[in-house]
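Structure at a glance
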Amino acid sequence: MMNRVISLIFILISLVIWSTSVESAYVQDKLVRLEPLTEEHINYLQSLEENGSLDFWTEIISPNKPIDVHISANEYDQYVSQFKQYSIPFNVLVDNLQEVIDNEQKELLEDRLMRQVQSRWLGQTKANIVGTYAKYSDMVTFLEEKANADPTHIQVVDLGRTYENRIMKAIAIKFNPSANRNIWIDCGIHAREWITPATCIWLIDQYITEYQNNDPTIRDLFNYWNVFIAPSLNPDGYEYSQTAGNRLWRKNRSKNSTSTCYGVDLNRNYPLKWMTGGSSSSPCSDTYAGKSAGSEIETINVVNFFQSKMGTWDMYMSFHSYGQWWFTPYGYTADLPIDYNQQSKAANIGANTIQSVNNRKYAVGSVARLLYIASGSTTDWAYDAMKIRHSYTIELPPTQRESSTGFVLPVSLALGVCQETYAGMKAFLVEVKKDVLGTSSG
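Keep in mind that what you see is a predicted model, and the values were worked out from it rather than measured. (Residues numbered from 1 in each chain as written. Predicted model: local features only at pLDDT ≥ 70, side-chain atom pairs only at ≥ 80, totals over all residues. Heavy atoms only, no water.)

Let's talk about the pattern of salt bridges
It is possible for side chains of opposite charge to pair when their charged atoms get near one another. Applying the stated criterion across every chain, the model contains 20 salt bridges. Salt-bridge contacts for Arg181 lead to Asp314; the nearest nitrogen and oxygen are separated by 2.7 Å. Of this pair, Arg181 sits in strand β7 (residues 181–186) while Asp314 sits in strand β9 (residues 313–321); the two residues are 133 residues apart in sequence, bridging distant segments of the chain. A salt bridge links Arg360 to Glu420; the shortest N-O distance between them is 2.8 Å. Of this pair, Arg360 sits in the loop between α10 (340–358) and β11 (363–366) while Glu420 sits in helix α13 (residues 414–437), placing them 60 residues apart in sequence. Accessibility expressed as a relative area gives 0% for Glu420, which makes it buried. (Salt bridge = Lys/Arg side-chain N within 4 Å of Asp/Glu carboxyl O. Helix = DSSP H or I, 4+ residues; strand = E, 2+ residues; numbered from the N terminus. Buried < 20%, exposed > 50% of the residue type's maximum accessible area, 1.4 Å probe, protein only.)

What follows is the structure, given as structure tokens:
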């Protein structure tokens with residue numbers, strides 16, 4: 001009983017400390033929903049995105065498709081005047097983004113403190129990070145602990161150093177020593193999408209646990225495949241987004257020689273149809289594609305790793321947020337790939353399974369047809385350059401219509417997202433394996 005009282009006092013003191021040290025970078029910043037009606041509206045908004053003038057939370061698609069943008073407090077009046085000048089309808093979804101971020105941070109601190117209390121109660125040295133938003137260093141420790149617990153079947157893979165000299169880590173799960181086919185899952189290529197690394201950590205934990213608990217489906221899948229999972233393809237950006245005032249940072253943290261703006265959108269930097277649409281040449285833009293195709297060290301690390309195992313890959317998956325989309329190739333063109341029917345079938349099986357868990361509906365289809373042209377993405381590169389037939393991107397919850405929090409998904413919702421995503425991935429991988437072996441019907 002005394003331990004519980006001490007723990008409660010510790011939590012209360014920590015919350016008081018938090019309340020006096022919260023960040024204030026986004027005070028009175030707005031989240032605004034625009035309703036473009038004409039091509040002129042679209043062209044105007046695209047010019048703003050190209051120049052990095054606004055933080056676009058959702059994509060510019062076409063007239064009559066809403067767009068959510070983050071506008072800083074000191075620029076709000078200026079842009080409102082422009083929207084009125086162009087006769088673009090708009091409404092304010094969030095009047096003070098700082099409150100949304102503060103609420104997330106308060107909830108996250110409470111969650112972390114409770115996990116620390118639970119770990120101490122159970123005599124553990126570290127708090128459990130499964131199902132929450134963790135620091136990159138804690139994710140690396142998690143991978144190492146999994147490998148240390150079963151070094152015969154699980155290893156930590158060093159993909160290489162980042163721009164700021166962090167080590168990009170992935171976990172290799174190889175339960176069957178004779179398996180020679182591989183699948184890949186990555187998360188966190190965009191720093192502010194915190195739900196995605198949490199999802200990768202959840203998948204790692206559940207794949208290992210269910211295999212060891214003799215789940216027949218998981219054992220069948222991972223006796224056939226080795227699985228590689230990278231919780232963050234952008235450790236520098238992710239860590240930066242966890243420092244005060246930088247919650248909404250998206251890119252990596254490389255310096256640009258021609259600009260004071262930092263960072264490259266790593267999901268526009270891959271060496272496949274680079275800078276052919278849907279990306280920016282402005283270093284200040286959130287979709288800045290870099291100075292050249294594959295210019296970023298984080299990109300080079302992943303490309304080199306895949307090339308070292310060329311011809312052994314059966315599936316590539318990259319998790320993003322938000323929108324509830326299950327994307328197939330292509331992003332750089334509206335043309336559909338030759339394997340689209342098989343891709344769509346597997347994706348729909350996964351999406352339908354997710355819906356059966358929590359009734360969240362995902363739209364399935366190619367990036368370019370469902371949303372917009374986007375070149376230099378990991379998924380198009382994996383499909384075209386690495387010849388991985390089953391290559392996908394999943395945009396996790398929420399949908400644009402259902403939430404005004406966007407990237408700042410409350411940690412209380414993370415568990416449900418992880419659980420349903422795991423169920424969807426499990427069913428999806430069963431279908432991928434059938435297709436790979438030529439036993440899929442229809």
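Points about the side chain of Asn267
Mapped onto the fold, Asn267 is located in the loop between α8 (235–241) and α9 (297–308). A residue is classified by how much of its surface remains accessible, and Asn267, at 9% relative accessible area, is buried. Among the polar contacts made by the side chain of Asn267, one reaches the main-chain amide nitrogen of Thr378 at a distance of 3.1 Å. Residue contacts for Asn267: discarding those within four places in its chain leaves Ile189, His190, His320, Ser375, Gly376, Ser377 and Thr378. (Polar contact = N/O pair within 3.5 Å; in protein donor to acceptor, adjacent residues only side chain to side chain. Contact = heavy atoms within 4.5 Å.)

Describing the environment of Ala293
Here Ala293 lies in the loop between α8 and α9. For Ala293, a relative accessible area of 37% corresponds to the partly exposed category. C-alpha separation for the pair Ala293 and Tyr270, spaced 23 residues apart in sequence, amounts to 5.9 Å.

Considerations on helix α5 (residues 136–149)
Spanning 14 residues, α5 covers 20 Å between terminal C-alpha atoms, matching the ideal 20 Å at 1.5 Å per step. Regarding α5, the residues found buried are Tyr136, Met139, Val140, Phe142, Leu143, Lys146 and Ala147. On an axial view of α5, the arc spanned by its buried residues comes to 155°, and they lie on one face. The exposed residues of α5 that point more than 90 degrees off its buried face are Asn148 and Ala149. Each element contacted by the buried residues of α5 is listed here: β5 (154–161), β6 (167–173), α6 (195–212) and α8. (Expected span 1.5 Å × (residues − 1). Arc of directions from axis to C-beta.)

Some words on the sheet that holds strand β4 (residues 90–94)
Taken together, 4 strands build an open sheet; the order of strands is β2-β3-β1-β4 and the sheet is antiparallel. Looking along the sheet, the strands with just one partner apiece sit at the ends: β2 (55–56) and β4. Bridging between β2 and strand β3 (residues 67–71) involves 2 bridges; their strand directions are antiparallel. Directly across from Asp55, in β3, lies its bridge partner His70. Here helix α3 (residues 76–85) sits on the sheet in contact with β1 (30–34), β3 and β4, set at roughly 150° to β4. (Pairing = 2+ DSSP bridges. Axes fitted to C-alpha atoms, helices over the stretch in contact; angles between N-to-C directions.)

Some thoughts on the packing of α6 against α13
At their nearest, the axes of α6 and α13 sit 9 Å apart, and the two run at 55° to each other. The angle between the axes of α6 and α13 places the two elements in the oblique class. In this structure, the crossing between α6 and α13 has a hand that is right-handed. Taking contact as the criterion, the partners of Ile195, Ala198, Thr199, Trp202, Leu203, Gln206, Tyr207 and Glu210 in α6 are, on α13, Ala414, Leu415, Val417, Cys418, Gln419, Thr421, Tyr422, Met425, Lys426 and Leu429. (Parallel < 35°, antiparallel > 145°, perpendicular 65-115°, else oblique. Left-handed = near helix turned anticlockwise from the far one by under 90°.)

Here's the deal with the packing of helix α7 (residues 216–224) against α13
Helices that pack against each other are described as a pair by the angle of their axes relative to one another and the distance between those axes. Their axes nearest at 11 Å, the elements α7 and α13 cross at an angle of 50°. In terms of axis orientation, α7 runs oblique to α13. As for the relative orientation of α7 and α13, their crossing is left-handed in sense. Here Thr217, Ile218, Asp220, Leu221, Phe222 and Tyr224 of α7 lie close against α13, whose contacting residues are Tyr422, Lys426, Leu429, Val430, Lys433, Val436 and Leu437.

Concerning the environment of Gln82
By secondary structure assignment, the location of Gln82 is in helix α3. Once the C-alpha coordinates of Gln82 and Ile171 are considered, the two residues, 89 residues apart in sequence, prove to be 49 Å apart. Reaching out from Gln82, the side chain makes a polar contact with the side chain of Tyr44 at a distance of 2.6 Å.

Comments concerning the packing of aromatic side chains
For the coordinates displayed, the defined rule picks out 27 aromatic pairs. Taking the centre distance of 5.4 Å and the plane angle of 70° together, the rings of Phe228 and Phe305 count as edge-to-face. With a gap of 77 residues between them, Phe228 in strand β8 (residues 225–230) and Phe305 in helix α9 connect regions that are remote in the sequence. By the ring-pair criterion, three or more aromatic residues cluster together here, those being Trp184, Phe228, Tyr270, Phe305, Phe306, Trp313, Tyr316 and Trp381. The ring of Tyr76 has Lys30 sitting right over it, with the charged end atom 5.7 Å from the ring centre. For the cation-ring pair, Arg219 lies above Tyr211, with the distance from its terminal atom to the ring centre recorded as 4.1 Å. (Phe/Tyr/Trp six-rings, centres within 6.5 Å; stacked < 30°, edge-to-face > 60°. Lys NZ or Arg CZ within 6 Å of the ring centre and 35° of its normal.)

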